[in-house]
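Remarks on the overall topology
Residues per chain are reported as follows:
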Amino acid sequence: MKPLYKISLALTVVAAMQSCDLERTPLTSLSSDNFWDNSKNATLAMTAIYRGSITNGLEYSVSDFWSYQGLQFMDHMTDNAFDRRGENSPLFIFSSGKLQSNNAQLINFWSSAYGRIGRCNRFLDGIPAMADGPDKTRLTAEARFLRATQYHYLASYFKDVPLVTEPLTGEESNNVSKTPQAEILAWCANEFREAAADLPRFSEITGSESGRACRQAALAFAGRTYMLMGDWTNGSAVYKEIIDLGENAIHSSYSELFLSGTGNSNKENIFYIEYLENYFGWGHPQQCLSAKDGGWSLSNPAAGIFEEYEFADGTPFSYDDPRYNPDNLGENRDPRLDYTIYYNGATFKGTEYRMSPDYPASLKERIDYSSEASKTGFMWRKFYDDSDINDLTSYSVVVPVIRYAEVLLSYFECMLESGQPISQSLCDQTINAVRARADVGMPAITAGSADQMRQALRHERRVELVYEGIHYWDLLRWRVAHEMLTGEIWGAPYPNSELYATSTKVVDPTGNCRWYVGRRDFRNPQDYQWPIPLSEQNINPNLREDK
């Protein structure tokens, strides 16, 4: 079998697996005896399920929860990032107090999830006709796992949605009712646990099966589900199960985790998407590199994440600290800062990145409010080997969905929130193992009070997992989004700029000369739950917000 996400699918198989949202286009071709007589058909159908609706190359709107706009760009909803197109960009609106049920990206999230669910339902409806054997058992477990991941996302954000577990007719799909979030999460947890029992372990996934689900991936999603439920005991148990399997480890190089050729050959990336240049490529570089490198500067880190990185000795960052160097923002800082973002004066693709209020607009090096340049002054380095970017619309990259670092940090959180005493050995096994990565080498955290440990854990999740689609989910479940996502958004500091005060829309009241970007006003409690798309409400009265 060719690696998943890398093969060209037969159009007939893709067509057979297509669905429309809540199964409004009933298809029966997968139930034919002839189809299931050939195990290769089942494998191709499963590959189509893995692929989902993820876009090949440039993605102009969210195509899938696992596409780069559905995963990396989810940080645009947080204090980590900003969409260069401004405060009216569709993903920014999710957390700015303006989200409505007719938001186009909202509809795409919903449709892509139910599209994959529909394919899984038809696959599971037809596969009993396949001859018994290990392939049948594994494929069934994969379909259950993939279906449950989509319900996990739907329940995380939309909360109460229809739980559909079998193929529907068009009429049936127009009359489904919402299932309470608690029931969906309980169902997901059970699906993940049962799927895990029939999936191969991480060590049993061969190179030719790159991208397929393993037992640890299903257990990790079960852990995420238990965390959403506030079931810290079961959450810690499943994460401990992954740890005790002993097959995963923190990779020595942070940046290598995301690079083709290394990101798929380590023990840290448990479940991931691998893109291949000129085959099934990543279009992120065209949209997100700076103008000097031919990009559109679309996704910009914000000061919120820049300021989160500690000094190298583990103390919190401060602009007043003498170790802060405005001419080299990564100096004396957690090395992950320079692995993740770059800034004025940094080298990227062999040349200097220049971005300041003082630079001429003609060179696209001036930060302002109208040009196609970064609106924060910062740019993303994470996910890039800047010495090997050729085709901007088709780049090779590994995008993790589940990493072992997340497993360790989540196990720490579950133990903490379950009321277990936090020992130094637990700190060293989890959070300090992440901080001690060979090319990071941040000082160890000392065990302390629950509040101290919670603050350390939340900091570590933010800087370690930034731009991986985790932070927004964390802010919602921690119930702190209304605190973190309300107020002014700031960009890079320019204390030596001559034109800063006359070119920024708002002068930084702290005196640190940060560039003013905009403002968020997250609504509490309204923005903690996404509305069901208006188009779905119009078709099915049972999905209306008053139901």
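Presented here is an overview of the structure given in this document. (Residues numbered from 1 in each chain as written. Predicted model: local features only at pLDDT ≥ 70, side-chain atom pairs only at ≥ 80, totals over all residues. Heavy atoms only, no water.)

What to know about the overall build of the chain
- A tally of helices and strands in the chain yields 20 helices and 10 strands.
- Relative to its length of 547 residues, the chain is compact, with a C-alpha radius of gyration of 23 Å against a globular reference of 24 Å.
- Principal-axis analysis of the C-alpha atoms places the extent of the chain at approximately 75 × 50 × 50 Å.
- Expressed as a percentage of the 547 residues in the chain, the buried residues total 59%.
- Relative to all contacts within the chain whose residues are 6 or more apart in sequence, the contacts with residues 24 or more apart total 72%.
- A distance of 2 Å separates the average location of the 51 positive side-chain charges in the chain from that of its 71 negative side-chain charges. (Helix = DSSP H or I, 4+ residues; strand = E, 2+ residues; numbered from the N terminus. Rg over C-alpha atoms; globule rule 2.2 N^0.38 Å. Buried < 20%, exposed > 50% of the residue type's maximum accessible area, 1.4 Å probe, protein only. Contact = heavy atoms within 4.5 Å. Lys, Arg positive; Asp, Glu negative; His and termini not counted. Charge placed at Lys NZ, Arg CZ, Asp CG, Glu CD.)

Brief notes about the layout of surface pockets
- Within this model, the largest pocket holds a volume of roughly 520 Å³.
- For the largest pocket, the lining is made up of 18 residues, of which E308, Q455, A456, R458 and H459 are closest to its centre.
- Looking at which element gives the most residues to the lining of the largest pocket, the answer is helix α16 (residues 450-464), with seven residues.
- The residue inventory of the lining of the largest pocket, partitioned by class, reads eight nonpolar, four polar and six charged. (1 Å grid on protein atoms, 1.4 Å probe; cavity = no way out; pocket = protein on both sides within 12 Å on 5 of 7 lines; lining within 4 Å. Points joined across faces, edges and corners; volume = space filled by probe spheres on them. Nonpolar A, V, L, I, M, F, W, Y, C, P; charged D, E, K, R; others polar.)

Considerations on a negative patch on the surface
- Together, D125, E166, E171 and E172 line one region of the surface with negative charge.
- Summarising the element assignment, E172 is placed in helix α6 (residues 170-173).
- For E172, a relative accessible area of 41% gives the class partly exposed. (Patch = residues over 30% accessible without salt bridge, like charges linked within 9 Å, V, L, I, M, F, W, Y side chains within 5 Å. Areas by Shrake-Rupley, 256 points an atom, 1.4 Å probe, with all protein chains shown as cover. Salt bridge = Lys/Arg side-chain N within 4 Å of Asp/Glu carboxyl O.)

Some thoughts on the pairing of strand β2 (residues 269-275)
- Across the seven residues of β2, seven count as buried, placing the element largely inside the fold.
- In the sheet, β2 pairs with strand β8 (residues 397-403) via six bridges, with the strands oriented antiparallel. By the bridge assignment for β8, Y272 is matched with P400. (Pairing = 2+ DSSP bridges.)

A few points about the packing of helix α3 (residues 39-51) against helix α4 (residues 104-126)
- For the pair α3 and α4, interaxial distance at closest approach is 9 Å and the crossing angle is 160°. The pairing of α3 with α4 is recorded here as roughly antiparallel in orientation. Between α3 and α4 lies a crossing whose hand is left-handed. Across the interface between the two elements, A42, A45, M46, I49, Y50 and R51 of α3 pack against R116, R119, C120 and F123 of α4.
- Among the residues forming the contact of α3 with α4, the class breakdown is seven nonpolar, no polar and three charged. (Axes fitted to C-alpha atoms, helices over the stretch in contact; angles between N-to-C directions. Parallel < 35°, antiparallel > 145°, perpendicular 65-115°, else oblique. Left-handed = near helix turned anticlockwise from the far one by under 90°.)

Points about the nonpolar core
- Formed by 163 residues in total, the largest nonpolar core has its most connected members in W66, F123, F145, F271 and W530.
- With 11 residues, the top contributor of residues to this core is helix α5 (residues 134-157). (Core = buried A, V, L, I, M, F, W, Y, C linked by side-chain atoms within 4.5 Å.)

Considering the side chain of H76
- Along the chain, H76 turns up in the loop between α3 and β1 (81-83).
- Given the relative accessible area of 0%, H76 is considered buried.
- Residues in contact with H76, not counting those within four places in the same chain, are A81, F82, D83, L91, F92, L298, S299 and R520.

A closer look at helix α7 (residues 181-198)
- If you check α7, its first and last C-alpha atoms are 26 Å apart, about what 18 residues at 1.5 Å a residue would give, namely 26 Å.
- Of all the residues in α7, the buried ones are I184, L185, W187, C188, A189, E191, F192, A195 and A196. (Expected span 1.5 Å × (residues − 1).)

A look at α5
- Compared with the 34 Å implied by 1.5 Å per residue over 24 residues, the 35 Å span of α5 between its first and last C-alpha is a close match.
- When you tally the buried positions in α5, you get 20 out of 24 residues, the bulk of the element.
- Where α5 terminates, the next one or two residues include K159, which has phi positive at roughly 75°.

Digging into the environment of I270
- Structurally, the position occupied by I270 is in strand β2.
- When sequence neighbours within four positions are dropped, the list of residues in contact with I270 reads F202, C214, Q216, A217, N248, I402, R403, Y404 and V407.

Focus on empty space enclosed by the protein
- Enumeration according to the criterion identifies four cavities of 30 Å³ or more in this entry.
- The computed volume of the largest cavity comes to approximately 120 Å³.
- If you trace the largest cavity, you find 14 residues lining it, with L71, Y153, R224, G469 and I470 closest to the centre.
- The set of elements that each furnish at least two residues to the lining of the largest cavity consists of α5 and β8.
- Considering each element in turn, the lining of the largest cavity owes the most residues, three residues, to α5.
- Considered class by class, the residues forming the lining of the largest cavity number nine nonpolar, three polar and two charged.

Considering unusual backbone geometry
- Looking along the chain, the bond that leaves N524 and enters P525 is cis, with omega of 10°.
- Positive phi, normally seen in glycine, also occurs at K364, with a value near 55°.
- Along the polypeptide, K364 turns up in the loop between β6 (351-352) and β7 (379-380).
- The phi angle at R479 is positive, at roughly 60°, despite the residue not being glycine.
- Relative to the helices and strands, R479 resides in the loop between α17 (471-477) and α18 (481-484).
- You can call R479 partly exposed: its relative accessible area is 42%.

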